[in-house]
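Chain residues, written in single-letter form:
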Amino acid sequence: MNALFKLLLIGLTFALAAPAAAQVRIKDIVTVEGVRSNQLVGYGLVVGLNGTGDSLRNAPFTERAIEGMLERLGIGNLTEDQMRTANTAAVMVTASLPPFARAGSTIDVVVSSLGDASSLRGGTLIVTPLTAADGEIYAVAQGPIAVAGFAAQGLNASIVEGVPTGARIDNGAIVEREVDFDFSEMNSIKLALRNADFVTAQRVEAAINQAMGPVAKAIDSRTITVSAYGKGSLMETMALIEPLQVQPDQVAKVVIDARSGTIVIGANVRIDRVAVSQGGLTVTVRDDFNVSQPESLSIGGTTVVVPNSSVGVEEKDAKFAVIDGSVSLQRLVDGLNAIGVGATETISILQAIKAAGALHADLEII
């Protein structure tokens, strides 16, 4: 039995011995230093639009781009009147260059209108170089674009569905330059936790060392350094580390989306014993319209609409609910439901409990 097979057996045994319900793979909670995507951007032209392109008067940069493109193709000295077109749009092209992308491979690109074009449907992107932050060209994009939205307009009405000025091209760019990064020549790497936590970092270190020996060391709440195992390469080491499972720890947190009224409460959220009351006034304004008609055979009478407005005030009885200290998530939710409050009132209650110092969790409002 060779060493590699033994190591695989140890890693499998460790993964099976751990409780599956609360464990996740290491590859799902960490990123590898240097193994990342790079953002690319370029400026180009989309042609072949059905009269929905930029108006050259309102988008002079589109006119300059058309002039430059035609000059490169040997067509120059055109007057302004000879360049009247509504079938071209200036666009920004963005893409993400994945790690280890090789020359000749293809990547997806996103095309977004820069001028006043009403739709990019039916257009074709002309050759567009894509550059990175260092100014070097890493890919070249070109091809017919796919638009999810649409726009239609008549004489007295128009309809817009989705965003017709944004599109994408699947496999629309060819990689021309590779990022200079040789993973096989490295002797050690750093794993970075997606959510920094000292407990989770310590557990990742213990899981790796239990399966492979003392090759990992947590240096802070986010970073774990890993050396190559034995005489194997770093590639083999990472292939054995990624399937290992750990139980990540989490910071107690309450996330509130005030716009939609969405509230997400983490399982570790705890509060001290508090008494909560929620009450207020509900004002209702109702407008009814009655029709008053003149009597039959009357002369000079007209039919009129008579508005009838009514205003009502309803007082909501304030109810107290006592929530015990150090309660679980389920009891916290049950306590809030006992008051009969909605999402908006719950947000106010959580903010008030936090202000009182009784909520032992981070309150994040997005």
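In the block above lies the structure referred to throughout.
Residues numbered from 1 in each chain as written. Predicted model: local features only at pLDDT ≥ 70, side-chain atom pairs only at ≥ 80, totals over all residues. Heavy atoms only, no water.

Asker: What is the right way to look at the sheet that holds strand S17 (residues 262–265) in this model?
Answerer: Within a sheet, adjacent strands bond to each other through the backbone by hydrogen bonds, running parallel or antiparallel. Pairing is mixed in the open sheet, where three strands are placed in the order S17-S16-S22. This sheet does not close on itself; its edge strands, each paired only once, are S17 and strand S22 (362–365). When the angles between neighbouring strand axes are averaged without regard to direction, this sheet yields 10°. When strand S16 (residues 253–257) meets S22, the two strands line up parallel, connected through four bridges. Residue pairing in the sheet places Val254 in a bridge with Leu363 of S22. (Pairing = 2+ DSSP bridges. Helix = DSSP H or I, 4+ residues; strand = E, 2+ residues; numbered from the N terminus. Axes fitted to C-alpha atoms, helices over the stretch in contact; angles between N-to-C directions.)

Asker: I keep staring at the packing of aromatic side chains and nothing clicks. Help me out?
Answerer: Ring pairs (aromatic) are described by centroid distance and by the angle formed between their planes. Tallied over the full model, the rule gives three aromatic pairs. Aromatic pair Phe100 and Phe181: ring centres 6.0 Å apart, planes at 35°, arrangement tilted. Placement of Phe100 in the loop between strand S4 (89–97) and strand S5 (106–113) and of Phe181 in the loop between strand S11 (166–175) and strand S12 (188–193) is noted, with a sequence separation of 81 residues between them. With a relative accessible area of 39%, Phe100 lands in the partly exposed category. Measuring from centroid to centroid gives 6.4 Å for Phe181 and Phe183, while their planes differ by 55°, and the two rings are tilted. By way of ring pairs, the aromatic residues Phe100, Phe181 and Phe183 are connected into one cluster. (Phe/Tyr/Trp six-rings, centres within 6.5 Å; stacked < 30°, edge-to-face > 60°. Buried < 20%, exposed > 50% of the residue type's maximum accessible area, 1.4 Å probe, protein only.)

Asker: What exactly am I supposed to notice about unusual backbone geometry here?
Answerer: Leave glycine aside and you will find that most residues have negative phi; peptide bonds, for their part, are mostly trans. At Phe100, a position not held by glycine, the phi torsion is positive, near 65°. The phi dihedral of Asn171 falls on the positive side, at around 55°, and the residue is not glycine. Along the polypeptide, Asn171 turns up in strand S11.

Asker: When you look at the sheet that holds strand S13 (residues 216–218) in this model, what are you seeing that I'm missing?
Answerer: Ordered in space as S2-S12-S14-S13, the four strands form an open sheet in which the pairing is antiparallel. Two strands bound the open sheet, and with one partner strand each, they are strand S2 (30–32) and S13. Averaged over all neighbouring strand pairs, the angle between strand axes comes to 25°, with direction disregarded. Summarising the sheet, S12 and strand S14 (residues 223–227) pair through five bridges and their orientation is antiparallel. When the bridges of S14 are listed, Ile189 appears paired with Val226. In the packing of helix H3 (residues 198–212) onto the sheet, the strands contacted are S12, S13 and S14, and the crossing angle to S13 comes to about 170°. (Contact = heavy atoms within 4.5 Å.)

On their own, these measurements won't tell you what the molecule is for.
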